[in-house]
Amino acid sequence: MRDKFSREEFFDLCWKKSIVWFCKSYIVSYQEFKSICEKYNIPLPPNGYWMKRKYGKEISKPILPKMSNELDIELLIRTKENSKNSKPAEKFSIINDNHKVSDLEVPKRLPKIPDPIIREMLSDNPKTHPIVNNCWDYTKRYNYGRISVNATGKPYKRALCFLNTFIIVMKSRGHYFLFCYERSYIVIEGVEISIRMRERSKRVYEIEKSGYRSSTLEPIGLLSFLAGEFSGKEWQETTNKTLAEKLPLIIKYLEGIAKEKREWHMENEIRLKKEAIEKKKQEEIAMLSLIKQKSELWHEANKLRTFLIEYKKKVNLSDEIKEQISFGLRKVDWLDPLIQKNDELFKDFDPYKLLRSL
């Protein structure tokens, strides 16, 4: 049984449902789905689209380009019967947050059209990140680059097959990748996690002619996947278990650690906001207290000034009283926050504290 879509209907559905949904609902692989979209010139959501949609952020949807030949798109509906006929090279199951099972493949060979990141890793002329004034700016992030793989020969080819599946799975789950020179990151819920691969090695010891023991590292053809730059986690391939079999654990760990970091960042943001609000409160209380002090100073200065002016109007004042009035008017101008006349003798005094101590 098949479903038939017009280009417009298929385009709208692509922006409502993820690629994983298509792969579970219809007999179509990730690469086949991408090929259909390329064939019918259907724009797909960019990296980070599903995460932004999850948190209710506004996302601009492009206009569907016109084609001269508007053919319908047919997809075979997936059933229990026809699903049994699908025999991937290596199957594993991933339980997502909605407890739905997705069967995904880790092929022994790369598909004809691998993910763009893998194509970049295979390129003889890869894109480079800009270097300004002979300086590498590690604060920048770019949406193109290579995932670091320290391996050669067959292990390197197996690493590419693993990474191709890993990248496809993570993109289908709404995550995306960023790069900075030789470093590569997967971004989950806004959290960057450094990733790389290497070929495992063993230390081989030998006794030199001088009698001293030396050692060298020899590759053993088994791969490791590393997440985190410093105190990260490493999954090692063994002779009994491949990295492909550990992929569900890797994905579960990455999404789990990203969720923990995201929650920590959110809690930290809430704490910082509370601290900022409390700091603002204290600043405004201090400002209000200062205004109150100046108001009290101004009223007290005006009371003293009014008294001294009235006192000055009296006749037959002695020279001593006149000197007191002149002194008082000078000090009142020093007390008055609207005048703040300089007083060399009282320059180290706080007018408000001095007034309260009198």
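Small disclaimer: the values here were computed from a predicted structure and weren't measured. (Residues numbered from 1 in each chain as written. Predicted model: local features only at pLDDT ≥ 70, side-chain atom pairs only at ≥ 80, totals over all residues. Heavy atoms only, no water.)

J.: Looking at this structure, I do not really get the overall build of the protein chain. What am I missing?
T.: Looking only at helices and strands, the protein chain features 10 helices and 10 strands. For a compact globule of 358 residues, the expected C-alpha radius of gyration is about 21 Å, and the protein chain comes in at 37 Å, more than 25% above that figure. Overall size of the protein chain, expressed as C-alpha extent along the three principal axes, is 120 × 80 × 40 Å. With 358 residues in all, the protein chain has 35% of them scored as buried. Taking all contacts inside the protein chain whose residues are at least 6 apart in sequence as the whole, residues at least 24 apart take part in 62%. Summed over its atoms, the accessible surface of the protein chain is roughly 24400 Å², and 53% of this surface lies on carbon and sulfur atoms. A gap of 5 Å separates the mean positions of the 68 positive and 51 negative side-chain charges of the protein chain. (Helix = DSSP H or I, 4+ residues; strand = E, 2+ residues; numbered from the N terminus. Rg over C-alpha atoms; globule rule 2.2 N^0.38 Å. Buried < 20%, exposed > 50% of the residue type's maximum accessible area, 1.4 Å probe, protein only. Contact = heavy atoms within 4.5 Å. Areas by Shrake-Rupley, 256 points an atom, 1.4 Å probe, with all protein chains shown as cover. Lys, Arg positive; Asp, Glu negative; His and termini not counted. Charge placed at Lys NZ, Arg CZ, Asp CG, Glu CD.)

J.: What should I look at first to understand the packing of helix α8 (residues 243–312) against helix α9 (residues 319–335) in this one?
T.: Describing two packed helices takes the angle between their axes plus the distance from one axis to the other. Interaxial distance between α8 and α9 falls to 9 Å at its minimum, and their mutual angle equals 160°. In this view, α8 runs roughly antiparallel relative to α9, as classed from their interaxial angle. Judged by the twist between their axes, the crossing of α8 over α9 is left-handed. Only Ile-321, Ile-325, Gly-328, Leu-329, Val-332, Asp-333 and Leu-335 of α9 make contact with α8, whose side of the interface consists of Leu-297, Ala-301, Leu-304, Arg-305, Leu-308, Tyr-311 and Lys-312. Tallied by class, residues from the contact of α8 with α9 come to 10 nonpolar, one polar and three charged. (Axes fitted to C-alpha atoms, helices over the stretch in contact; angles between N-to-C directions. Parallel < 35°, antiparallel > 145°, perpendicular 65-115°, else oblique. Left-handed = near helix turned anticlockwise from the far one by under 90°. Nonpolar A, V, L, I, M, F, W, Y, C, P; charged D, E, K, R; others polar.)

J.: What am I meant to see in the environment of Pro-351 here?
T.: Position of Pro-351 relative to the elements: it lies in helix α10 (residues 351–357). Residues Pro-351 and Lys-294, spaced 57 residues apart in sequence, show a C-alpha to C-alpha distance of 9.4 Å. Look past the residues within four positions of Pro-351 in its chain and what remains in contact with it is Leu-297, Trp-334 and Leu-335.

J.: Can you walk me through unusual backbone geometry in this structure?
T.: With the exception of glycine, the majority of residues adopt a negative phi angle, and the majority of peptide bonds are in the trans configuration. Phi at Asn-41 takes a positive value of approximately 55°, unusual for a residue other than glycine. Secondary-structure assignment places Asn-41 in the loop between α3 (30–39) and α4 (49–54). The class of Asn-41 is partly exposed, set by a relative accessible area of 37%. Even without being a glycine, Asn-133 presents a positive backbone phi close to 55°.

J.: Looking at this structure, how should I read helix α1 (residues 7–14)?
T.: Since the α-helix advances by 3.6 residues per turn, residues separated by three or four positions end up pointing in the same direction. Along α1, the residues classified as buried are Arg-7, Phe-10, Phe-11, Leu-13 and Cys-14. Angularly, the buried residues of α1 cover 165° about the axis, an arc narrow enough to put them on a single face. (Arc of directions from axis to C-beta.)

J.: What should I look at first to understand the pattern of salt bridges in this one?
T.: Between side chains of opposite charge, a pair can form as their charged atoms come close. Throughout the structure, instances matching the rule amount to 17 salt bridges. The partner of Arg-158 in a salt bridge is Glu-237, and the shortest N-O contact between them spans 3.0 Å. Taken as a pair, Arg-158 in helix α7 (residues 153–172) and Glu-237 in the loop between β10 (233–236) and α8 lie far apart in primary sequence, 79 residues in all. Judged by relative accessible area, which is 34%, Arg-158 ranks as partly exposed. A relative accessible area of 3% means that Glu-237 is categorised as buried. For the salt bridge of Arg-198 with Glu-234, the shortest nitrogen-to-oxygen distance reads 2.7 Å. (Salt bridge = Lys/Arg side-chain N within 4 Å of Asp/Glu carboxyl O.)

J.: Would you mind going over the environment of Asp-336 with me for this structure?
T.: Looking at where Asp-336 falls in the secondary structure, it is placed in the loop between α9 and α10. Here Asp-336 falls in the buried class, since its relative accessible area comes to 3%. For the pair Asp-336 and Arg-305, spaced 31 residues apart in sequence, the C-alpha separation works out to 9.7 Å. Here the side chain of Asp-336 touches Arg-305 through a polar contact of 3.1 Å, side chain to side chain. (Polar contact = N/O pair within 3.5 Å; in protein donor to acceptor, adjacent residues only side chain to side chain.)

J.: Just to check I follow, could you spell out the side chain of Arg-7 for this structure?
T.: For Arg-7, the location among the structural elements is in helix α1. Discounting chain neighbours no more than four positions away, the residues touching Arg-7 are Tyr-40, Asn-41, Ile-42, Leu-64, Pro-65, Lys-66, Met-67, Glu-70 and Leu-71.

J.: Sorry if this is basic, but what is going on with the packing of aromatic side chains here?
T.: Here the distance between the centres and the angle between the planes together describe a pair of aromatic rings. The full count for this structure, using the stated rule, is 24 aromatic pairs. Here Trp-136 and Tyr-138 contribute two aromatic rings whose centre-to-centre distance is 6.2 Å and whose plane-to-plane angle is 45°, an arrangement assigned as tilted. Ring pairs connect the aromatic residues Phe-5, Phe-10, Trp-21, Phe-22, Tyr-26 and Phe-33, which therefore count as one cluster. Seen from the ring of Tyr-144, Lys-127 lies directly overhead, with NZ or CZ sitting 5.6 Å from the centre. A cation over a ring is seen here: Arg-141 above Tyr-185, with NZ or CZ 4.4 Å from the ring centre. (Phe/Tyr/Trp six-rings, centres within 6.5 Å; stacked < 30°, edge-to-face > 60°. Lys NZ or Arg CZ within 6 Å of the ring centre and 35° of its normal.)

J.: Which parts of the structure should I look at to understand the nonpolar core?
T.: It is characteristic of soluble globular proteins that their nonpolar side chains tend to be buried jointly. One finds Leu-163, Phe-166 and Phe-225 to be the most contacted residues of the largest nonpolar core, which totals 35 residues. Dropping the residues within four chain positions of it, Phe-166 is found in contact with Phe-177, Ile-186, Ile-195, Phe-225, Leu-247, Ile-250 and Leu-254. Counting 22 residues, the second-largest nonpolar core is a separate cluster that includes Ile-19, Phe-22, Val-28 and Tyr-30. (Core = buried A, V, L, I, M, F, W, Y, C linked by side-chain atoms within 4.5 Å.)

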